[in-house]
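# Remarks on the overall topology
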Amino acid sequence: MRKAIGVDLGGSHVTAGIIGEDGTIFGQFEQDIEDRSFDAVVASLQGVVDNALKDGKAKDAIGIGVGSPGNIERESGVVLYSPNLLWTNAPLGERLRTRYALPVFVANDARCATLGEHIFGSGKGTQDFVLLTIGTGIGGGIVSGGRLLIGHRAGAGEIGHHQIRPTDGFICACGKIGCFEAQASGTGLIRHAFAVAASFPRSQLLDRERDKLGSKAIRRAAQTGDAHASAAWRNFAADLALGLANIIAFVNPELIALGGGVSSAGDFMLDSVRARVDELTTMVPRGTTRLEIAKLGNDAGQVGAATMAFQGGLTR
Ligand SMILES: [Zn+2]
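Cut-off values and rules
- Residues numbered from 1 in each chain as written.
- Predicted model: local features only at pLDDT ≥ 70, side-chain atom pairs only at ≥ 80, totals over all residues.
- Heavy atoms only, no water.
- Donors = N, O, S within 2.8 Å, 3.2 Å for Na, K, Ca; no water.
- Helix = DSSP H or I, 4+ residues; strand = E, 2+ residues; numbered from the N terminus.
- Buried < 20%, exposed > 50% of the residue type's maximum accessible area, 1.4 Å probe, protein only.
- Pairing = 2+ DSSP bridges.
- Polar contact = N/O pair within 3.5 Å; in protein donor to acceptor, adjacent residues only side chain to side chain.
- Contact = heavy atoms within 4.5 Å.
- Axes fitted to C-alpha atoms, helices over the stretch in contact; angles between N-to-C directions.
- Phe/Tyr/Trp six-rings, centres within 6.5 Å; stacked < 30°, edge-to-face > 60°.
- Patch = residues over 30% accessible without salt bridge, like charges linked within 9 Å, V, L, I, M, F, W, Y side chains within 5 Å.
- Areas by Shrake-Rupley, 256 points an atom, 1.4 Å probe, with all protein chains shown as cover.
- Salt bridge = Lys/Arg side-chain N within 4 Å of Asp/Glu carboxyl O.
- Lys, Arg positive; Asp, Glu negative; His and termini not counted.
- Charge placed at Lys NZ, Arg CZ, Asp CG, Glu CD.

The next thing to look at is the coordination of the zinc ion. Within the protein, the zinc ion binds to H161 (ND1), C172 (SG), C174 (SG) and C179 (SG); these donor distances fall in the range 2.1 to 2.3 Å. Between consecutive donor residues of the zinc ion, the sequence gaps follow H-x10-C-x1-C-x4-C. Residue H161 is located in the loop between β11 (147-148) and α4 (180-184), and its partner C179 is located in the loop between β11 and α4; the two are separated by 18 residues in the primary sequence. Classification of C179 as buried rests on a relative accessible area of 0%.

Laid out in structure tokens, this is it:
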């Protein structure tokens, strides 16, 4: 079976997988990222790719696919802009092509995850599919008529940066106010908890160091009925539902799969948004877009990046 190296580059770590053409994962390698400067990140990325290529299972690898945060120029693999890594015009593709003899493909990490999830995960067999990865931010990707949408300058699917609360929302990493990502990501849930804190003076929900404050603790408290956490969760879910209904209005998918760390909330999250999504769905029959938790979890990015290498690009 043909194999490729699929790399998923994140803000805190980089992983590389040896992936078969049928989506099988033959090995995975990981390295933390502490320094987000371009040279340091490239060194970590090359470290995991080198380890993958040294593995005997990768000996017939036909290419390297890399999913990176940011807006990425299609042919060159230049990361034009990444608010997460604080890069502009970073020549990622070129650096990797000078080091490896294999073909190298670079694209946005969420588009890669969407490709992986569409071909091998929850979107398998669907023609109209959306993946949202809900973690620190919200990444997305759209498959329409069986084809992953790329857009004029590779920006199609930036669902996280459509504004849902431009007048009263939180400030987004991209600089706008009230982006879907600012409101309905894990970070958004924490911000909702702070926003309603004044109404819960006896709550201990936020009594911990800021860097130890996670969205999971707030969600778990909401599941056990904590009043402060429940209020934060309701506002979070309302914003999530608003964005989901907008997606339905834009591309009318058969399925929206929710991935990323926050989706570990599973049915609790789906049950929190379904009724409101239906209420806000006006121009297509209600309840006809399925909402599910994505299947590939953290592997979607690697599998999709490798699929890009097999296909010779994000689309065939
Ligand atoms: Zn934004």
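Still more ground to cover, so stick around.
A word on the sheet that holds strand β6 (residues 79-82). Spatially, the 3 strands line up as an open sheet ordered β5-β6-β7, and their pairing is antiparallel. The sheet is open, and its two edges are formed by β5 (71-72) and β7 (87-90), each paired on a single side. Strand direction decides the pairing type here: β5 and β6, joined by 2 bridges, are antiparallel. Bridge assignment links N71 to a residue of β6, and that residue is Y81.

With respect to the helices, strands and loops of the structure, N108 is situated in strand β8 (residues 104-108). Under the relative-accessibility criterion, N108 is labelled buried at 6%. Within the local environment of N108, its side chain forms a polar contact with the backbone nitrogen of R111, the two atoms lying 3.1 Å apart. Contacts of N108, omitting those with residues within four sequence positions, involve G67, S68, P69, G70, I72 and E158.

Below, the discussion takes up the sheet that holds strand β4 (residues 61-68). With respect to topology, 5 strands assemble into an open sheet ordered β3-β2-β1-β4-β8, the strand pairing being mixed. The open sheet has two edge strands with one neighbour each: β3 (25-32) and β8. On average, each strand axis in the sheet is tilted by 15 degrees relative to the strand beside it, whichever way the strands run. The sheet strands contacting helix α2 (residues 92-99) are β1 (3-9), β4 and β8, and the helix crosses β8 at an angle near 160 degrees.

Our focus in this paragraph is the packing of aromatic side chains. Inspection of the entire model under this criterion finds 3 aromatic pairs. Where W233 meets F236, the ring centres are 4.9 Å apart and the plane angle is 45 degrees; that geometry is what we call tilted. Pair noted here: W233 and F236 are both in helix α7 (residues 227-251), with a separation of 3 residues, about one helical turn. Here a set of aromatic residues connected by ring pairs shows up, and it is made of W233, F236 and F268.

Another point: unusual backbone geometry. For A154, which is not glycine, the phi torsion reads 60 degrees and is therefore positive. Relative to the helices and strands, A154 resides in the loop between β11 and α4. Among the residues examined, A154 registers a relative accessible area of 14% and is labelled buried. Residues other than glycine seldom take positive phi values, yet N252 does so here, at roughly 40 degrees.

This part is about the pairing of strand β9 (residues 129-134). Across the 6 residues that make up β9, a large majority, 5, are buried. Sheet analysis places β9 next to strand β10 (residues 138-144), joined by 6 bridges and oriented antiparallel. When the sheet's bridge partners are listed, F129 is paired in β10 with V143. What sits between the antiparallel neighbours β9 and β10 is a turn of 3 residues.

A grouping of E30, D32, E34 and D35 is seen on the molecular surface, where their side chains present a negatively charged patch. In this fold, D32 is placed in strand β3.

A few words now on the pattern of salt bridges. Within the structure shown, the criterion is met by 11 salt bridges. For R2, the salt bridge is made with E21, and the minimal N-O distance between the two is 2.7 Å. Of the two residues, R2 sits in the segment before β1 while E21 sits in the loop between β2 (13-20) and β3, which places them 19 residues apart along the sequence. Taking the relative accessible area as the measure of exposure, E21 reaches 35% and is therefore partly exposed. Between E254 and R290 there is a salt bridge, with its nearest N and O atoms 3.5 Å apart. Here E254, found in the loop between α7 and β12 (255-259), pairs with R290, found in strand β13 (residues 290-293); they are 36 residues apart in sequence, far enough to count as distant. Exposure remark for R290: the relative accessible area of 36% places this residue in the partly exposed category. Salt bridges here are not isolated pairs; linked through shared partners, they connect E254, R290 and E292.

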